Amino acid sequence: MPVPAEYQRSRDKLYEYLIDARNKANLWSTHVTFTMTQGVFQVFRRRLSLMDAIRFSQALPPCLRALFVEQWDVTEKQKPFEDLQTMTQEVRNLRPDHNFSTDNAIKDVAWALRKHVDETVFDRVLDTLPPEAKTFWSIDNR
């Protein structure tokens, strides 16, 4: 069996995502966007059980899936979902001296991410998670 296309072009797909997220957030660099995305992913996964987080990661493209699980302390206590402002500040706590995440970081990442996933699969997975997960990845109420 040949290597699946999603793996063959995974680097290109990652950069396509980073450019979309960078442009949506009005940032100047994909490097800054990478940190913002990693922060959003970490904030989200802290609010899921291990099983839910792994299930969620399966709806992501390969490189974003890898970023979602990178540097994961699976012994960390699960946190509750909080208001968007509080969770955005938590996004900014990742590498704070080099983090330029926007006030809308979570919604900016959600918007770009939805362009790069199969939204039917993505929403189906979100339907299996706590209700706040769907709100977290919603792009309607910015």
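Anything mentioned here points back to the structure above.
Residues numbered from 1 in each chain as written. Predicted model: local features only at pLDDT ≥ 70, side-chain atom pairs only at ≥ 80, totals over all residues. Heavy atoms only, no water.

**Observations concerning a nonpolar patch on the surface**
A surface patch of nonpolar side chains, about 310 Å² in accessible area, is lined by L50, I54, V69 and V74. Here V74 shows up in the loop between α5 (62–69) and α6 (84–92). By relative accessible area, V74 is classed as exposed at 53%. (Patch = residues over 30% accessible without salt bridge, like charges linked within 9 Å, V, L, I, M, F, W, Y side chains within 5 Å. Areas by Shrake-Rupley, 256 points an atom, 1.4 Å probe, with all protein chains shown as cover. Salt bridge = Lys/Arg side-chain N within 4 Å of Asp/Glu carboxyl O. Helix = DSSP H or I, 4+ residues; strand = E, 2+ residues; numbered from the N terminus. Buried < 20%, exposed > 50% of the residue type's maximum accessible area, 1.4 Å probe, protein only.)

**Looking at unusual backbone geometry**
Even without being a glycine, N26 presents a positive backbone phi close to 60°. As for its position among the elements, N26 is in the loop between α2 (10–25) and α3 (30–45). Even without glycine at this site, R95 takes up a positive phi of about 45°. Here R95 shows up in the loop between α6 and α7 (105–115).

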